Structures are given as structure tokens and as C-alpha cells.
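Here is what each chain is made of, one letter per residue.
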Amino acid sequence: MDLMGMMGKLKETQQKIEDTKKRLDTVLIDEQSTDGLLKVTLTANRSIKSITIDDSLLKDKEQLEDYMILVLNKAIEKATKVNEAELDAVAKMDMPMIPGMDNLFK
């Protein structure tokens, strides 16, 4: 592949990555506490869309904080996995093989 061809392919891949990032704003990740008292929804780009808190958690600030930390961390972890898998798939599928850069997307 010539240099101009590689540059065109890189630009095309960059656009596909940007399109994928936009699409990931519409992919929702739901997570909740084991007892269902706290629920959160994030996008695959890790933006919080909603939080639902059962009234019983409002009586104990410390318990609510613990729930928030646990559930948000689980949701962020799930969203990150989806995000990375989608972006890696686009990058690996469309990137031209440039000598010395074959380990870049591993």
C-alpha cells in the first residue's frame, strides 16, 4: 500500500472511530445493587443517564454512599468493557498494517 493510500485508510479509520464513539452515547448500561435499592444507567461512553434510589436508602447517608460507590463502579467497569471492545474492533478491522506498529492495538 502506498503512503497516500495508508493516509486515506487512517483518515477513514479515524472517522469510523468517531462514529463509533457517537453511537456508544446511545448504548445504555444498566446496573443495580443486589437488593435492587439503587439503580444506575450509563452510556457506553461512561456518562451517567439516570440514578434511582429507593426511599429506604435516604435514611442512612453512609449506606447510600456505599451503595453509590459499589454500583457506580460496577456500571463504569461494564461500560468501559463495552467501549473498549467496540473501539478496538473498529481500529483492528480498519487499520492498515504499518511496520513496527503491529502491537499498537493489542
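Scroll up a little and you will see the structure.
Please read all numbers here as calculations on a predicted model, not as lab measurements.

K.L.:
Would you take a moment to explain the nonpolar core for this structure?
P.N.:
Taken as a class, soluble globular proteins show a tendency for nonpolar side chains to be buried jointly. Leu38, Val40, Leu42, Leu57, Leu64, Tyr67, Val71, Leu72 and Ala75 form the largest nonpolar core, which has 9 residues in total. Residue assignment for this core shows that the elements contributing at least two residues are strand 2 (38-43) and helix 2 (61-94). Ranked by residues supplied to this core, first place goes to helix 2 with 5 residues. Aside from chain neighbours lying at most four places away, what touches Leu57 is Leu37, Leu38, Gln63, Leu64 and Tyr67.

K.L.:
Please clarify how unusual backbone geometry should be interpreted in this entry.
P.N.:
Trans is the prevailing form of peptide bonds, just as negative phi is the prevailing case for residues other than glycine. Positioned with a positive phi, Arg46 is a non-glycine residue whose angle comes to about 65°. Examined against the element boundaries, Arg46 turns out to sit in the loop between strand 2 and strand 3 (48-53).

K.L.:
Would you mind showing me how to read the environment of Val40 here?
P.N.:
Turning to its location among the elements, Val40 is positioned in strand 2. Look at Val40 and you get buried, because its relative accessible area is 1%. Along the sequence, Val40 and Met68 sit 28 residues apart, while their C-alpha atoms lie 8.9 Å from each other. Among all residues touching Val40, those that are not within four sequence positions of it are Ile29, Asp30, Glu31, Ser50, Ile51, Val71, Leu72 and Ala75.

K.L.:
I'm lost on the side chain of Ser33 in this one. Help?
P.N.:
Inspection of the secondary structure puts Ser33 in the loop between strand 1 (28-32) and strand 2. In contact with Ser33, not counting residues within four places along its chain, are Leu38, Tyr67 and Val71.

K.L.:
Explanation requested: the pairing of strand 2 in the structure shown.
P.N.:
Along any regular strand the residues' side chains alternate between the sheet's two faces. Across the 6 residues that make up strand 2, a large majority, 5, are buried. The pairing of strand 2 with strand 3 spans 5 bridges and is classified as antiparallel. Counted as the bridge partner of Leu38 is Ile53 from strand 3. Taking the residues between adjacent antiparallel strands as the criterion, strand 2 and strand 3 are bridged by 4 residues, where Arg46 takes a positive phi near 65°.

K.L.:
For this particular structure, what's the right way to read the pattern of salt bridges?
P.N.:
Pairing of side chains with opposite charge becomes possible as their charged atoms draw close. Applying the stated criterion across every chain yields a total of 7 salt bridges. Between Lys78 and Glu31 there is a salt bridge; the shortest N-O distance is 2.7 Å. Separated by 47 residues along the polypeptide, Lys78 in helix 2 and Glu31 in strand 1 bring together distant segments of the chain. Judged by relative accessible area, Lys78 falls into the partly exposed class, the value being 40%. The exposure class of Glu31 is buried, given its relative accessible area of 11%. Residue Glu77 pairs with Lys81 through a salt bridge whose shortest N-O separation is 3.5 Å. Taken together, the residues Glu77 and Lys81, both in helix 2 and 4 residues apart, mark about one turn of the helix. Using a relative accessible area of 54% as the deciding quantity, one classes Lys81 as exposed. One salt-bridge network, held together by shared partners, links Glu31, Lys74 and Lys78.

Criteria and thresholds
- Residues numbered from 1 in each chain as written.
- Predicted model: local features only at pLDDT ≥ 70, side-chain atom pairs only at ≥ 80, totals over all residues.
- Heavy atoms only, no water.
- Core = buried A, V, L, I, M, F, W, Y, C linked by side-chain atoms within 4.5 Å.
- Buried < 20%, exposed > 50% of the residue type's maximum accessible area, 1.4 Å probe, protein only.
- Helix = DSSP H or I, 4+ residues; strand = E, 2+ residues; numbered from the N terminus.
- Contact = heavy atoms within 4.5 Å.
- Pairing = 2+ DSSP bridges.
- Salt bridge = Lys/Arg side-chain N within 4 Å of Asp/Glu carboxyl O.

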